[in-house]
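Breakdown of the fold
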Amino acid sequence: MQPKTVLITGSSSGIGHATATAFLDEGWEVYATARNPADVETLGEQGCSIATLDVTEDDDVERVVDRVMDEQGRIDCLVNNAGYAQFGPTEDIPVDAVQQQFDVNVYGPHRLTRAVLPHMRRRRDGTIVNVSSVAGRVSFPGGGTYCGSKFALEAMTDALRAEVDEYGIDAVLIEPGPVETGFSERAERELEGIERSGAYDAFYDVFEDTQAIGGGGLGAVSPERVADDILNAASATKPASRVPVGPVARAAVLGRFVPDALRDRAFSLLERLR
Ligand SMILES: NC(=O)c1ccc[n+]([C@@H]2O[C@H](COP(=O)([O-])OP(=O)(O)OC[C@H]3O[C@@H](n4cnc5c(N)ncnc54)[C@H](OP(=O)(O)O)[C@@H]3O)[C@@H](O)[C@H]2O)c1
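Nothing here was measured: the structure is a model prediction, and the numbers come from that model.

A few words on the packing of helix α3 (residues 58–72) against helix α4 (residues 95–123). The N-to-C vectors of α3 and α4 enclose an angle of 30 degrees; their axes lie 9 Å apart at closest approach. It follows from the interaxial angle that α3 and α4 lie roughly parallel. Crossing of α3 over α4 shows right-handed handedness. Contact with α3, carried on its side by Asp58, Val61, Val65 and Met69, involves Arg111, Leu112, Ala115, Val116 and His119 of α4 and no other residues of that element.

Turning our attention to the site of the ligand. Near the ligand, the surroundings consist of 29 residues, among which Ser12, Ser13, Arg35, Tyr146 and Thr181 are the closest. Between the ligand and Gly10, the relevant distance is 3.0 Å, taken from an oxygen atom to a main-chain nitrogen or oxygen of the residue. In the environment of the ligand, an oxygen atom lies 3.0 Å from a nitrogen or oxygen atom belonging to the side chain of Lys150. The fraction of the free accessible surface of the ligand (900 Å²) that becomes covered by protein chains is 93%. Broken down by secondary-structure element, the contributors of at least two residues to the shell around the ligand are α1 (14–25), α5 (144–164) and α6 (183–192). Its residues assigned to classes, the shell around the ligand comprises eleven nonpolar, 14 polar and four charged.

What counts, and at which threshold
- Residues numbered from 1 in each chain as written.
- Predicted model: local features only at pLDDT ≥ 70, side-chain atom pairs only at ≥ 80, totals over all residues.
- Heavy atoms only, no water.
- Axes fitted to C-alpha atoms, helices over the stretch in contact; angles between N-to-C directions.
- Helix = DSSP H or I, 4+ residues; strand = E, 2+ residues; numbered from the N terminus.
- Parallel < 35°, antiparallel > 145°, perpendicular 65-115°, else oblique.
- Left-handed = near helix turned anticlockwise from the far one by under 90°.
- Contact = heavy atoms within 4.5 Å.
- Near = heavy atom within 4 Å.
- Polar contact = N/O pair within 3.5 Å; in protein donor to acceptor, adjacent residues only side chain to side chain.
- Areas by Shrake-Rupley, 256 points an atom, 1.4 Å probe, with all protein chains shown as cover.
- Nonpolar A, V, L, I, M, F, W, Y, C, P; charged D, E, K, R; others polar.

Right, here's the structure in full:
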């Protein structure tokens, strides 16, 4: 029997890398993609097919999806994993940084989804797994741009799920809390690039240690744990629409149901306790 095929974005590190290994171990045909192919060379040595894919480049998306179809004739699962966090107070973040954040975290998955859907519809089968975050359920000060991108991804996935249900295609949101990856280091680099107005020093003090927001810290889970949930979603006949991963995610998503006034109060209390 022909093995199932998965296409994964952002496989150079963290969750994407662990996901490629998890699918490979289960006998899937894995297309592990990255902006720089050197970063996925070891996955290639382990048995993955590797490809260069920047999710902001239409040509990359078309070329890679065409190649998978030529070589395998099917894409059973797309894992939209590539992403990063642009933290910072709303006033300080330039518009082009917001555009760049949405280009990777929102338009990237949209590009990939549009490219694979005709093939999935033809076979009346497939799963699209979008790696969101607990930040796609609850927004917080200094997180407006990142949370905005993940909220958008969640809204688009909810719409998609209903649209493609009649074609036997599933759309799943994976919502991790903190995961031990290079996520925080990249977020720190993005934060350093911001020109500060001087009006939000309190936020920067908190965000200076972005470990508090993502990456390591209390309640953090391993990327392998997230990869297992992604693999389970791809393998299930009727996957859950949302999968919060880890204790922080399971607790924090409840914050969505807290009245706005109470949530605002909690944020200002935290600010004063700082
Ligand atoms: N770590 C956490 O605490 C956490 C929590 C919740 C959700 N998430 C989400 O999990 C996903 C994976 O993050 P991670 O934790 O595994 O962090 P990571 O180790 O920094 O991995 C992020 C991946 O995204 C890739 N990427 C960034 N921009 C890209 C682009 N334009 N095109 C293609 N790939 C691009 C990176 O590739 P390069 O190496 O080329 O930059 C890297 O492979 C992200 O969507 C993130 O928002 C993470």
